[in-house]
Amino acid sequence: MSLETLITMGISMGRTIVLPPEQPIYMFRHRSKKQKYRFSFEDFFHLNEAHLEHVGVNIITMSEFLTRVMNANADDGTIIIMKDPETGLPTYPPGNRTDWNHANGQELKQLHSWLEDSSSLSVIGWETNACMAYWPEITGLDQDATLERIYNVTNTSSIISSMSSWPRPSSFDNAPIPVNASVKERFGEQRANRPNLCLYNATMQNAQVLYFKHTFDRSGNRFLSPFYTFHFYEDWHEALWMRRFVRDHLRYHNELMCAAARVIDSIRNRVRQRHVGLVGSNHSMEYNDLLFHTMHIRRGDFTLQYKNVVIGAELISQITQEIIEPNSTIFIATDEKNKTFFEPLARHYDLCFLHDFAHELKNVNVNYFGIIDQIVASRGEVFIGTWFSTLSAYVNRLRGYYSIRDKLTGYEKGALKSFYFSPPDKRNRMRQYFAPQPALWAQEFPMAWRDIDHDVNMEGT
């Protein structure tokens, strides 16, 4: 989530994006069989391809960045000067070190402390759940000129103080506005009751190196919301281009997609064999005969953090029977280790888990299994997820992309055949269009996939 926001922000600013070094990542720290457990974002996404395929997308590693800092006497136009905040003299990374891929936590703190102190400008206050970044169609404006332009194009004297005059997010339920609507209409739909704007001003533009410190308080920045809810583009073409860029280029590596595809094929073979056993081999197979459904049941740390969304197995079974026809095959992505927990559900359904397809995942790093779970879960006919889980949320984003591609029922408004177990008021959330609204980080919105090829389709007509 943060990666998408930062990549799209760098593109919007016309800047080179520096990736963090390899390091342990939350939920990707399994060390069995000496498998890799330190990762960079390049291990998951096609970032190098995105860089090579787009002239305006410049992405480099931390090692490349620090090497340019160390080569301050180069005359090839790649000079990067970091300065001591007190003396103004050039400064260099701790120990003149350029490769931080195997640094421990304390060493990484030293690196980031140096980056924060020595960058041209350390930016704070860009909290994606409290403000929205506004990107004018005209570039090079200072902050006052940008604000004046915003007031003019939205036909209002104040965006911040007139919160009550803007439509509530619920007013867009099942009523999306056109993706090419006026700036004021699109701004109102995306605003999500946030009271502030984040503006890229001339001071930031003139700084050679910008450093965004990611924190969990107001001492820095927190990029914990979907990128398309944070970045507002005055030009609707730019908004749609950015959403397509993320869909088409910030995607999982082929290795991960192919591993998931093997599992999906095995699930369909399982469904096929069950079908033959039930109706006989002489019955012709129809598409609907190969359908399976998926779930994401997050327990683990959620039993302490979000008790209201962690429910018992009997209630899970009851809710599922209201949504999915009994005797169906269901793939479950879960962190629950005790599979006897699912016995109430197994009495009514054919259940399978990722470990049932271990033969399809030979030589695949176990730290990738959560991603593979996610991809497989996105391909179910019906999906039931866990509220507050970003894994469940991204499953729905992927399902949204597929729904548009395959023109599934309800795709015109971004509706999906997806549900949540709990709380009850969120169960049918994905069954209709709804605008961005708090909590932004806990969900994905149809705005991410609905009609994002609009101007491309216009060119083809």
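All values derive from a computational prediction rather than experimental measurement. (Residues numbered from 1 in each chain as written. Predicted model: local features only at pLDDT ≥ 70, side-chain atom pairs only at ≥ 80, totals over all residues. Heavy atoms only, no water.)

(A) The arrangement of the overall build of the protein in detail. When its secondary structure is counted, the protein shows 16 helices and 14 strands. A compact globule built from 461 residues would reach a C-alpha radius of gyration of about 23 Å, and the protein, at 24 Å, matches this within 12%. Summarising the internal contacts of the protein: among those between residues at least 6 apart in sequence, 70% fall at separations of at least 24. Surface summary for the protein: the accessible area is close to 22200 Å², and the carbon and sulfur share equals 50%. (Helix = DSSP H or I, 4+ residues; strand = E, 2+ residues; numbered from the N terminus. Rg over C-alpha atoms; globule rule 2.2 N^0.38 Å. Contact = heavy atoms within 4.5 Å. Areas by Shrake-Rupley, 256 points an atom, 1.4 Å probe, with all protein chains shown as cover.)

(B) Representation of the state of the cysteines in the model. For the coordinates displayed, the defined rule picks out one disulfide. The disulfide partner of Cys-131 is Cys-198, and the gap between their sulfur atoms is 2.0 Å. Between Cys-131 and Cys-198, the disulfide has an S-S torsion of -70° and is therefore left-handed. You can see Cys-131 sitting in strand β6 (residues 131–135) and its partner Cys-198 sitting in strand β7 (residues 196–198), a full 67 residues away along the chain. The class of Cys-131 is buried, set by a relative accessible area of 2%. Of the residues examined, Cys-198 reaches a relative accessible area of 4% and is grouped as buried. (Disulfide = S-S within 2.5 Å. Buried < 20%, exposed > 50% of the residue type's maximum accessible area, 1.4 Å probe, protein only.)

(C) Seen up close, the sheet that holds strand β11 (residues 329–334). The parallel open sheet is built from five strands, whose spatial order is β12-β11-β10-β13-β14. Two strands lie at the open edges of the sheet, namely β12 (350–352) and β14 (418–420), each paired on one side alone. Neighbour-to-neighbour, the strand axes of this sheet turn through a mean angle of 20°, independent of strand direction. With five bridges connecting them, strand β10 (residues 293–297) and β11 associate as parallel partners. Paired with Ile-297 across the two strands is Thr-334, which belongs to β11. (Pairing = 2+ DSSP bridges. Axes fitted to C-alpha atoms, helices over the stretch in contact; angles between N-to-C directions.)

(D) Inspection of the pairing of β11 at higher detail. For β11, the tally of buried residues reaches six of six residues, placing the bulk of the element in the interior. Neither face of β11 is open: one carries Thr-329, Phe-331 and Ala-333, the other Ile-330, Ile-332 and Thr-334, and all of them are buried. With three bridges joining them, β11 and β12 adopt parallel strand pairing. The partner of Ile-330 across the bridge, within β12, is Leu-351.

(E) Spotlight on the packing of aromatic side chains. Inspection of the entire model under this criterion finds 26 aromatic pairs. A ring pair is formed by Phe-39 and Phe-44, whose centres lie 5.3 Å apart and whose planes are at 35°; its orientation type is tilted. Consider the rings of Phe-44 and Phe-45, whose centres lie 6.4 Å apart with planes at 70°: the pair is edge-to-face. The class of Phe-44 is buried, set by a relative accessible area of 5%. Three or more aromatic residues joined by ring pairs make a cluster, and in this case those are Phe-39, Phe-44, Phe-45, Tyr-252, Tyr-368 and Tyr-394. Taking NZ or CZ as reference, Arg-299 lies 4.0 Å from the ring centre of Phe-341, over its face. (Phe/Tyr/Trp six-rings, centres within 6.5 Å; stacked < 30°, edge-to-face > 60°. Lys NZ or Arg CZ within 6 Å of the ring centre and 35° of its normal.)

(F) Local environment of the pattern of salt bridges. A full pass over the atoms with the stated rule returns 18 salt bridges. Where Lys-213 meets Glu-116, a salt bridge forms, and the shortest distance between an N and an O atom there is 3.7 Å. Here Glu-116 lies in helix α4 (residues 105–118) and Lys-213 lies in the loop between β8 (210–212) and α8 (227–230), a separation of 97 residues in the sequence. In this structure, the salt-bridge partner of Lys-426 is Asp-425, at a minimum N-O distance of 3.9 Å. (Salt bridge = Lys/Arg side-chain N within 4 Å of Asp/Glu carboxyl O.)

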